[in-house]
Amino acid sequence: MLRSTRTTGRRGALLGASAAVVCVTLTACGAGNSGDGYAAVGPPRPSSATTAGPTGSVTLVPLDAPKSPAGGGTSGPETGTTPAPASSTPAPASSPPAAKSGRSSAHSATSTPTTAPTTAPAALSWSAPVRKAANHRWCEDVTLNFHNSGGTAVRSGTVTFGTHIIGALGIDWATIKSTEQLPVPIAPGAREDRTWTVCVDAWRAPLGMHIETRDVSVEWL
């Protein structure tokens, strides 16, 4: 005689679920024809052969590098992608950098050296002698006018006179030279007048004779 027992509440629900699991297990066990069938309850125990680590020394051997295919090509990366083919169009050649100027912009213009203007040397000219009789027949006053048309002052120089001895009949018996100093300095563009009393020895001009200073030569620096 079967007895029915009702279990109420939370406890009854748990008991009911447990009985259902047991029934499913028993059904599975009797499903096979042979008596060695079984149903696993809970996770399988780890086998000692699969969980045990290596007991000896471990040696790491590197894998062979991927070989290049025939023709010298390069293998792609390890991800299996093939590298993109190189472009057949050559890259434009870069123009060489412009040569730098050895000078800065402030000194790029060529400077012309300034030279001092060349100063013209002294250029002295003089007039013909202006003669005047003196107190003695063997002397006379001679005046010259000098003009420096150069760019430099006349610093020194001499005047050489040529005095002729003239007889009573106008015969030129001799020429006597005498030297005097220039009236220096004579500035550029300046004019100078100077009068000298030119004389010869008295015996050279006896009574009836006189002198004439006709020749003038000048040297200057």
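Our subject is the structure listed above.
Now for a quick tour of the structure.

The rules we used
- Residues numbered from 1 in each chain as written.
- Predicted model: local features only at pLDDT ≥ 70, side-chain atom pairs only at ≥ 80, totals over all residues.
- Heavy atoms only, no water.
- Disulfide = S-S within 2.5 Å.
- Helix = DSSP H or I, 4+ residues; strand = E, 2+ residues; numbered from the N terminus.
- Buried < 20%, exposed > 50% of the residue type's maximum accessible area, 1.4 Å probe, protein only.
- Contact = heavy atoms within 4.5 Å.
- Pairing = 2+ DSSP bridges.
- Axes fitted to C-alpha atoms, helices over the stretch in contact; angles between N-to-C directions.
- Core = buried A, V, L, I, M, F, W, Y, C linked by side-chain atoms within 4.5 Å.
- Phe/Tyr/Trp six-rings, centres within 6.5 Å; stacked < 30°, edge-to-face > 60°.
- Salt bridge = Lys/Arg side-chain N within 4 Å of Asp/Glu carboxyl O.

### Side note on the state of the cysteines
Phase 1: Evaluation of the coordinates by the stated rule reveals 1 disulfide.
Phase 2: In this model, Cys139 is linked to Cys199 through a disulfide, with the two sulfur atoms separated by 1.9 Å. Measuring the twist about the S-S bond at about 120°, one finds the Cys139-Cys199 disulfide to be right-handed. Taken as a pair, Cys139 in strand S3 (residues 139–148) and Cys199 in strand S6 (residues 191–199) lie far apart in primary sequence, 60 residues in all.
Phase 3: Note on Cys139: relative accessible area 9%, which makes it buried.
Phase 4: Looking at Cys199, the relative accessible area reads 36%, which means it is partly exposed.

### Section: the environment of Ala190
Phase 1: Note on placement: Ala190 falls in the loop between strand S5 (172–181) and S6.
Phase 2: Taking the C-alpha atoms as reference points, Ala190 and Val154, 36 residues apart in sequence, are found 10.0 Å from one another.

### Thoughts on unusual backbone geometry
Phase 1: Following Val184, the chain continues into Pro185 via a peptide bond in cis, with omega recorded as 0°.
Phase 2: By the secondary structure assignment, Pro185 is in the loop between S5 and S6.

### Here's the deal with the side chain of Thr213
Phase 1: If you trace the backbone, Thr213 turns up in strand S7 (residues 210–220).
Phase 2: Residue Thr213 is classed as buried on the basis of its relative accessible area of 0%.
Phase 3: In this structure Thr213 touches Pro129, Arg131, Glu140, Val142, Phe161, Gly162, Thr163 and Val198, once residues within four positions along its chain are discounted.

### With respect to the side chain of Glu140
Phase 1: Residue placement: Glu140 occurs in strand S3.
Phase 2: A residue is classified by how much of its surface remains accessible, and Glu140, at 4% relative accessible area, is buried.
Phase 3: Residues contacting Glu140, with those up to four places away along its chain left out, are Arg131, Lys132, Ala133, Ala134, Trp196, Thr197, Val198, Ile211, Glu212 and Thr213.

### Concerning the sheet that holds S7
Phase 1: As summarised here, the arrangement of the 3 strands in space is S5-S4-S7, forming an open sheet in which the pairing is antiparallel. Since the sheet does not close on itself, it has two edges, and those belong to S5 and S7, each with one partner. Put simply, the sheet's adjacent strands are angled 20° from each other on average, direction ignored.

### Some remarks on the environment of Ile166
Phase 1: Its location among the elements puts Ile166 in strand S4 (residues 157–166).
Phase 2: As a C-alpha pair, Ile166 and Met209 span 43 residues in sequence and 5.9 Å in three-dimensional space.

### Regarding the nonpolar core
Phase 1: Core analysis: the largest hydrophobic core is formed by 13 residues, its most contacted members being Leu124, Phe146, Val159, Phe161, Leu182 and Trp196.
Phase 2: Sorting the residues of this core by element identifies S3, S4 and S6 as the ones contributing at least two each.
Phase 3: The biggest single contributor to this core is S3, with 3 residues.
Phase 4: When residues no more than four places from it in sequence are discounted, the contact partners of Leu124 are Phe146, His147, Asn148, Val154, Leu182, Ile186, Val218 and Trp220.
Phase 5: Core analysis: the second largest hydrophobic core is formed by 5 residues, Ile165, Ala205, Met209 and Ile211 among them.

### Some thoughts on the packing of aromatic side chains
Phase 1: One pass over the structure, following the stated rule, counts 3 aromatic pairs.
Phase 2: An angle of 70° between the planes, with centres 6.4 Å apart, marks the rings of Trp126 and Trp220 as edge-to-face. Taken together, the residues Trp126 in strand S1 (residues 124–126) and Trp220 in strand S7 connect sequence positions 94 residues apart.
Phase 3: Of the residues examined, Trp126 reaches a relative accessible area of 31% and is grouped as partly exposed.

### What about the pattern of salt bridges?
Phase 1: Under the definition given, this model contains 3 salt bridges.
Phase 2: Arg214 is the salt-bridge partner of Glu212, the closest N and O atoms lying 2.5 Å from each other.
Phase 3: Residue Glu212 is classed as buried on the basis of its relative accessible area, which comes to 16%.
Phase 4: Since its relative accessible area comes to 41%, Arg214 is described here as partly exposed.

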